[in-house]
Amino acid sequence: QVQLVESGGGLVQAGGSLRLSCAASGSIFSINSMGWYRQAPGKQRELVARITGGGNTNSADSVKGRFTISRDNTRDTVYLQMNSLQPEDTGVYYCYADVTPIAISRRAMDYWGKGTLVIVSS
């Protein structure tokens with residue numbers, strides 16, 4: 001099985017910064033992409049940013065210029081550097097990974113972390 005563990009959430013004032021981390025472990029054959037979604041209270045979940053195995057990235061327009069997604073050399077850990085945080089960034093941030101597992105089928109699946117809470121006060 002594959003597990004994702006997030007860390008780095010917390011409470012910050014508007015204009016502050018946080019760095020989120022997500023480490024994948026388990027029966028992984030390859031990781032096709034990793035990224036972050038977030039969900040605010042009463043709102044639908046939205047994609048924040050993603051990065052492919054080849055290093056290509058994309059992010060939501062609302063965070064461009066403020067958030068940066070990156071990975072380590074093994075490609076099993078993803079980071080989200082969040083600068084100039086605003087109250088509308090408040091929510092639970094969920095790490096995901098599109099993984100081809102070590103299994104007979106080799107069928108790619110999405111795996112999710114339990115989430116890390118980010119609160120930005122005004």
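Along each chain, the written sequence defines residue order, and numbers are assigned to residues from 1. With pLDDT at 70 or above as the cut-off, local features in this predicted model cover only qualifying residues; side-chain atom pairs require 80 or more to be listed or tallied, and sums for whole chains, interfaces and linings still use all residues. Only heavy atoms go into the side-chain values, all of them from the structure, while hydrogens and water stay out.

Section: the pattern of salt bridges
Here is step 1 of the chain: By convention in these notes, a salt bridge is any Lys or Arg side-chain nitrogen within 4 Å of a carboxyl oxygen on Asp or Glu. As enumerated under the stated definition, the model contains 3 salt bridges in all.
Here is step 2 of the chain: A salt bridge links Arg-38 to Glu-46, with the shortest nitrogen-to-oxygen separation between them at 2.8 Å.
Here is step 3 of the chain: Residues Asp-89 and Arg-38 are paired through a salt bridge, measuring 2.9 Å at the closest nitrogen-oxygen approach. Pair noted here: Asp-89 is in the loop between strand S8 (77-82) and strand S9 (91-101) and Arg-38 is in strand S4 (residues 28-39), with a separation of 51 residues, a long-range link. The pair Asp-89 / Arg-38 is uniform in exposure class, with both members buried. Elements are defined by DSSP. Helices are runs of H or I of four residues or more, strands are runs of E of two residues or more, and each kind is numbered from the N terminus. Here's how the labels work: a residue is buried when its accessible area is under 20% of the maximum for its type, exposed when over 50%, partly exposed in between, all with a 1.4 Å probe on protein chains only.

A closer look at the state of the cysteines
Here is step 1 of the chain: Here, a disulfide means two cysteine sulfur atoms that sit within 2.5 Å of each other. On inspection of all chains with the given rule, the structure shows 1 disulfide.
Here is step 2 of the chain: At a sulfur-sulfur separation of 2.0 Å, the disulfide partner of Cys-22 is Cys-95. Measuring the twist about the S-S bond at about -85°, one finds the Cys-22-Cys-95 disulfide to be left-handed. Note that Cys-22 is positioned in strand S3 (residues 18-26) and Cys-95 in strand S9, a separation of 73 residues in sequence. With respect to burial, Cys-22 and Cys-95 carry one shared label: buried.

Points about empty space enclosed by the protein
Here is step 1 of the chain: Using only the protein atoms, space was sampled on a 1 Å grid; points where a 1.4 Å probe fits but cannot get out form cavities, open sets with protein on both sides within 12 Å along at least five of seven lines form pockets, and lining residues are those with an atom within 4 Å of a point. Grid points are joined across faces, edges and corners, and a volume is the space filled by probe spheres set on the points. Scanning the entire structure with this criterion turns up 1 cavity of 30 Å³ or more.
Here is step 2 of the chain: Of the pockets and cavities examined, the largest cavity occupies roughly 60 Å³.
Here is step 3 of the chain: Along its surface, the largest cavity is lined by Ile-31, Asn-32, Ser-33, Met-34, Ile-51, Thr-52, Gly-53, Arg-71 and Arg-75.
Here is step 4 of the chain: Sorting the residues of the lining of the largest cavity by element identifies S4 and strand S5 (46-52) as the ones contributing at least two each.
Here is step 5 of the chain: We call Asp, Glu, Lys and Arg charged. Ala, Val, Leu, Ile, Met, Phe, Trp, Tyr, Cys and Pro are nonpolar, and the rest, Gly among them, are polar. A class-by-class count of the residues in the lining of the largest cavity yields 3 nonpolar, 4 polar and 2 charged.

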